[in-house]
Amino acid sequence: MRKLTDTILTVSLFVALAGLARADVIADWNERAVVVRSPARVIAMVHLAMFEAVNSIEPRYTPYRARLSAEPGASRDAAAASAAHTVLVKVYPDQTAELDKALQASLATVPDGTSKTQGVQLGQQAGAAIVAERRDDGSDAPNSYRPFTVAGKYVPTVFPINSSAGAVRPFSLKSGSQLRPPAPYSLKSAQWAKDFNEVKKMGAKTGSARTAEQTDIARFWALTGPATYNPVVRQLSAAKGLDVLDNARLFALFSMATADGGIAIFDAKYAYNFWRPVTAIRNADLDGNNATERDPTWEPIIPTPMHPEYPCAHCISQGSAASVLEAFFGDTVPTFTMTSTTAPGVTRKFSKLSDYVTEVVNARIYDGVHYRTSGEVGAAMGKKNGQYAVQTQLADKPVHGNQALADRIDCEKKTFKRHGAEEWRTVGRDEAWGCDFSAVQSQSRFGYGPDFPSPASDYDRLRTRGLEVKTFSERTRRYAESCASVDKKLYFFGTSRGTGQMYLYVEQPHFNDPRKTMLHCSSENRQRNRALSRFCRRV
């Protein structure tokens with residue numbers, strides 16, 4: 001399981017988090033996972049296990065794989081710590097003693113008792129489930145890279161890294177090739193010559209055109225991998241004061257995206273096998289472009305990574321990380337300050353995530369290991385990758401996370417599917433009324449019980465979202481269409497046997513919040529219900 005390394009093996013990164021107090025359990029275990037030099041895949045496993053555990057206690061979001069059986073009073077902190085510990089111990093059994101100490105330190109803040117015990121047990125289940133889920137994901141595939149040569153001719157015998165990483169099963173993406181970009185440019189093109197000459201000029205070990213600051217940036221970003229982006233999410237989550245579950249969700253989405261970025265980038269790298277600057281510049285007489293010139297002794301300022309050039313791996317990592325963070329916090333964020341062991345004494349500060357990504361694109365040119373087009377393509381892949389994770393994973397549960405109503409909705413949907421459209425108004429509808437609705441009336445923000453006095457409040461909520469609201473009985477079908485048009489997706493419809501009211505639920509993005517919320521529409525007239533039912537079935 002440890003064969004899948006990250007983009008490039010990482011050294012340590014230290015981040016100055018000015019003025020921050022002790023982080024929460026989610027951020028604490030993120031830092032521990034990075035300290036033990038876990039690859040992005042393992043860090044994602046840690047955070048998915050923590051999310052599944054905490055979300056099972058307070059099910060506000062769609063689970064990654066399955067909601068575990070959990071007591072409502074179980075300790076969320078104990079569950080999260082236990083889940084992270086379980087994953088790391090199974091992956092790194094030789095570090096069990098140190099990880100046990102870390103677990104005890106986390107649990108020391110939780111009062112002893114049933115709640116703590118239940119949380120620990122739940123975390124163990126969540127951790128074991130995630131480890132089992134990733135057991136056959138392809139990360140153990142052997143390195144079968146075939147060196148390019150002709151019979152009898154020597155070639156360098158060090159194998160490039162991660163040649164099989166693109167075939168690993170992703171966490172969020174459907175496949176490693178899902179984001180594969182178009183092939184790189186023709187070597188006879190003007191853009192190739194422009195990129196070639198830029199990196200030749202700016203990335204040289206000696207005689208470059210870099211300023212002193214650009215050289216600092218080059219050396220700073222010689223650091224790669226999880227240590228260059230996980231400290232950023234820790235700092236921003238602390239600055240925003242997220243609760244344990246929301247933090248667990250943020251870190252899980254962030255970790256899935258950055259892990260999938262490594263899979264996607266190596267799929268593309270080995271698909272195109274494009275040459276690095278040091279190879280191209282020393283062989284420029286072979287590219288057929290009169291605007292490029294060979295330099296037989298050219299070297300980059302840092303050692304060239306051992307894998308193909310296109311696209312930039314560092315850039316997809318930062319692009320993926322920034323994309324997820326931007327979905328939660330926007331581009332402008334509280335200033336975060338970074339230092340790197342590859343550039344002692346150099347400090348970099350950012351207050352915009354886009355600047356953070358841009359600097360990495362530039363840095364890889366100053367390093368002499370990437371072309372500008374490759375960096376921009378990698379960053380764009382990262383942006384799409386992060387957006388895909390946020391849009392498809394760990395979404396808000398329907399109807400504001402109310403489990404009772406969510407369960408009833410699921411029951412009604414299954415009943416409708418079993419009986420079909422024509423039988424719905426007879427057998428199917430009667431069976432659906434057998435779905436437990438008692439808890440809904442007392443708990444749901446949309447149920448007509450003690451917590452929700454009248455349907456009029458529904459219409460008030462709809463008005464605040466900019467919908468044109470009709471009366472209960474007039475133009476019901478048109479009203480249903482206006483509701484559904486908010487997001488073009490109908491989630492559920494059902495009827496109340498006692499009142500003849502029709503309930504229609506549709507999904508709507510909540511302004512700047514990437515998560516989903518539910519809207520509710522209602523009709524009190526049975527004849528209107530029939531028209532609405534037909535409309536719902538067509539949708």
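Some words on the packing of aromatic side chains
- Within this structure, the stated rule accounts for 19 aromatic pairs.
- Centroid distance Trp 192 to Phe 274: 5.8 Å. Interplanar angle 85°. Geometry classified as edge-to-face. Taken together, the residues Trp 192 in helix H6 (residues 190-202) and Phe 274 in the loop between helix H9 (244-272) and helix H10 (277-282) connect sequence positions 82 residues apart.
- What links up through ring pairs into an aromatic cluster is the set Tyr 185, Trp 192, Phe 196, Phe 274, Trp 275 and Tyr 371.
- For the cation-ring pair, Arg 32 lies above Trp 29, with the distance from its terminal atom to the ring centre recorded as 4.8 Å.
- Across from the ring centre of Phe 171, 3.7 Å away, lies the NZ or CZ of Arg 134, which sits over that ring.

Concerning the state of the cysteines
- Applying the stated criterion across every chain yields a total of one disulfide.
- One disulfide bridge connects Cys 312 with Cys 315, the sulfur atoms lying 2.3 Å from each other. Its S-S torsion of about 75° marks the bond between Cys 312 and Cys 315 as right-handed, since a negative value means left-handed.

Side note on the pairing of strand E3 (residues 347-352)
- Sheet analysis places strand E2 (residues 332-340) next to E3, joined by five bridges and oriented antiparallel. Directly across from Thr 339, in E3, lies its bridge partner Thr 347.
- Linking E2 to E3, which pair antiparallel, is a turn of six residues; within it Gly 345 sits at a positive phi near 85°.

Some points on the layout of surface pockets
- Its volume calculated, the largest pocket comes out at about 650 Å³.
- Classifying every residue of the lining of the largest pocket by side-chain character gives 13 nonpolar, four polar and one charged.

The rules behind each value
Residues numbered from 1 in each chain as written. Predicted model: local features only at pLDDT ≥ 70, side-chain atom pairs only at ≥ 80, totals over all residues. Heavy atoms only, no water. Phe/Tyr/Trp six-rings, centres within 6.5 Å; stacked < 30°, edge-to-face > 60°. Helix = DSSP H or I, 4+ residues; strand = E, 2+ residues; numbered from the N terminus. Lys NZ or Arg CZ within 6 Å of the ring centre and 35° of its normal. Disulfide = S-S within 2.5 Å. Pairing = 2+ DSSP bridges. 1 Å grid on protein atoms, 1.4 Å probe; cavity = no way out; pocket = protein on both sides within 12 Å on 5 of 7 lines; lining within 4 Å. Points joined across faces, edges and corners; volume = space filled by probe spheres on them. Nonpolar A, V, L, I, M, F, W, Y, C, P; charged D, E, K, R; others polar.

Any functional reading would require information that these geometric values do not contain.
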